[in-house]
Amino acid sequence: MAESTEPEVRCLVIGDAHDSPAIPDKSRFKWIARYASKNKIPFIKSVGDWATFDSGSQYESRATISGRSKPSFEEDMQSLEASLLAFRSGFGKNYKPRLGITFGNHENRIRQWENQNPEVEGLVYSRLCELFSQAGFSFKHYGEWDYLAGVGFTHIPFNVMGRPFGGQNPERQIANNAKHSCVWGHTHKGRGPLSVSKVGQNQRVDVLDVGSALPDGHVEGYALNSQSGWTYGIYDLALSSGLINSHRFISMRELENTYG
């Protein structure tokens, strides 16, 4: 394979952070921003599920005992705004990275809820989008791709049936089907990058599951009896010509010890 002449691009990737009123401490968002600012990383990508949005969950009715404890939409939005403010507060004075997010299935909860309640059309999901825009993020809707240096970022790739890849080893399925390198989250299990040989210009694709940016050791309530192998941290990547040239995992514990 001929050596690439394209310049290398550095990008910080934030996996599923799952902000919610149930996690009132927003310090981790400031730690992430301080790491990016200190290292002058020009691009920051979130692969979605920045917030959990239990208020839009269709799995638990408010008519149930446990459903009554769900936060309101306003409480979820206030929590999200606090997390974005904490994130922005970690930027140095002259640090202005390009920010992007590909919404996950949890942000999509709000879009689905609005679709099922047409009387609030244009009043709910647009507020979520506007809040991210005000924080400086460009955004893609759930299922869409965002590209940087030929590498695709999304919350979770979809298969030919229009469903998210799943199972025990989704990274292998994704790599076998992908036409370009991919970075995603969703599983909370940081795995990869996995490289698979291909016929074509790059002769391979790299796929990387970035895990979660939840507080170290935190397990979401739905997974308390099944969680296994979650990772807690962010990724510092170098990209060029559609490939992941290098990667560094920075744990939430390291971020806290350095910037907390």
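Note: the structure precedes this text.
In this text, all values refer to a predicted model and were calculated from it rather than measured experimentally. (Residues numbered from 1 in each chain as written. Predicted model: local features only at pLDDT ≥ 70, side-chain atom pairs only at ≥ 80, totals over all residues. Heavy atoms only, no water.)

Caption draft 1: Region of interest: the overall build of the protein chain. Helix and strand content of the protein chain: six helices and eleven strands. For the protein chain, whose C-alpha radius of gyration is 18 Å, the value lies close to the compact-globule estimate of 18 Å for 260 residues. C-alpha atoms of the protein chain, sized along the principal axes, occupy 60 × 45 × 35 Å. Burial status across the protein chain gives 50% buried among its 260 residues. For the protein chain, the share of sequence-separated contacts (at least 6 apart) that also reach a separation of at least 24 residues comes to 66%. (Helix = DSSP H or I, 4+ residues; strand = E, 2+ residues; numbered from the N terminus. Rg over C-alpha atoms; globule rule 2.2 N^0.38 Å. Buried < 20%, exposed > 50% of the residue type's maximum accessible area, 1.4 Å probe, protein only. Contact = heavy atoms within 4.5 Å.)

Caption draft 2: Structural detail: the sheet that holds strand β8 (residues 191-197). Read across the open sheet, the five strands follow the order β5-β6-β7-β9-β8; overall the sheet is mixed. With partners counted over all chains shown, the strands left at the sheet margins are β5 (146-148) and β8, one partner each. Adjacent strand axes in the sheet meet at a mean angle of 20 degrees, parallel and antiparallel pairs treated alike. Where β5 lies against strand β6 (residues 151-153), three bridges are found, and the strand directions are antiparallel. (Pairing = 2+ DSSP bridges. Axes fitted to C-alpha atoms, helices over the stretch in contact; angles between N-to-C directions.)

Caption draft 3: The arrangement of the pairing of strand β9 (residues 204-209) in detail. By the criterion of burial, β9 is predominantly enclosed, with five of the six residues buried. Bridging between strand β7 (residues 182-184) and β9 involves three bridges; their strand directions are parallel. Bridging across to β9, Cys-182 finds its partner in Val-207. As defined by bridge partners, β8 adjoins β9 across five bridges and the pair is classed as antiparallel. For Val-196, the partnering residue across the bridge sits in β9 and is Val-205.

Caption draft 4: Geometry of the side chain of Asp-206. Counting through the fold element by element, Asp-206 comes out in strand β9. Within the structure, Asp-206 has its side chain in polar contact with the side chain of Ser-195 (distance 2.6 Å). Leaving out residues up to four positions away in the same chain, Asp-206 has contacts with Ser-181, Cys-182, Leu-194, Ser-195, Leu-243 and Ile-244. (Polar contact = N/O pair within 3.5 Å; in protein donor to acceptor, adjacent residues only side chain to side chain.)

Caption draft 5: Structural view of the nonpolar core. In terms of nonpolar packing, the biggest core is built from 46 residues, with Trp-50 and Phe-87 touching the most fellow members. Where this core is concerned, the elements lending two or more residues are β1 (9-14), α1 (27-38), α2 (73-89), β3 (98-102), α4 (125-134) and α6 (252-259). Contact partners of Phe-87, with chain neighbours within four places excluded, come to Ile-14, Phe-29, Lys-30, Ile-32, Ala-33, Ile-44, Trp-50, Leu-99 and Phe-137. Listed in part, the 15 residues of the second largest apolar core include Cys-11, Leu-208, Tyr-235 and Leu-237. (Core = buried A, V, L, I, M, F, W, Y, C linked by side-chain atoms within 4.5 Å.)

Caption draft 6: Structural view of the packing of aromatic side chains. The tally for this structure, following the rule as stated, stands at 15 aromatic pairs. For the pair Phe-29 and Trp-50, a centre-to-centre distance of 5.2 Å together with 20 degrees between the ring planes defines the contact as stacked. Pair noted here: Phe-29 is in helix α1 and Trp-50 is in the loop between β2 (43-46) and α2, with a separation of 21 residues, a long-range link. Classification of Phe-29 by relative accessible area gives buried; the value is 1%. When the ring of Phe-132 is compared with that of Phe-137, the centres are 5.7 Å apart and the planes differ by 90 degrees; the resulting orientation is edge-to-face. Residues Phe-132 and Phe-137 agree in their burial class; the two are buried. One aromatic cluster in this structure is built from Phe-29, Trp-50, Phe-87, Phe-91, Tyr-95, Phe-103, Tyr-125, Phe-132, Phe-137 and Phe-139. (Phe/Tyr/Trp six-rings, centres within 6.5 Å; stacked < 30°, edge-to-face > 60°.)

Caption draft 7: Quick look at the pattern of salt bridges. Taken as a whole, this structure holds nine salt bridges when the rule is applied. In this structure, Lys-26 engages Asp-19 in a salt bridge whose closest nitrogen and oxygen atoms are separated by 2.5 Å. Under the relative-accessibility criterion, Asp-19 is labelled buried at 2%. Here Glu-254 and Arg-248 are joined by a salt bridge, their closest N and O atoms 2.5 Å apart. According to the relative accessible area criterion, Glu-254 is partly exposed, its value standing at 29%. When its relative accessible area of 37% is taken as the criterion, Arg-248 is described as partly exposed. (Salt bridge = Lys/Arg side-chain N within 4 Å of Asp/Glu carboxyl O.)

Caption draft 8: The environment of Glu-254, seen in detail. Take Glu-254: it is sitting in helix α6. The spatial distance from the C-alpha of Glu-254 to the C-alpha of Asp-16 is 18 Å, given a sequence separation of 238 residues.

Caption draft 9: Region of the structure containing α4. Tyr-125, Leu-128, Cys-129, Leu-131 and Phe-132 are the residues of α4 that are buried. Viewed along the axis of α4, the buried residues span an arc of 160 degrees, placing them on a single side of the element. Buried residues belonging to α4 abut α2, β3, α3 (105-116) and β4 (137-140). Positive backbone phi, approximately 100 degrees, marks Gly-136, located one or two places after α4. (Arc of directions from axis to C-beta.)

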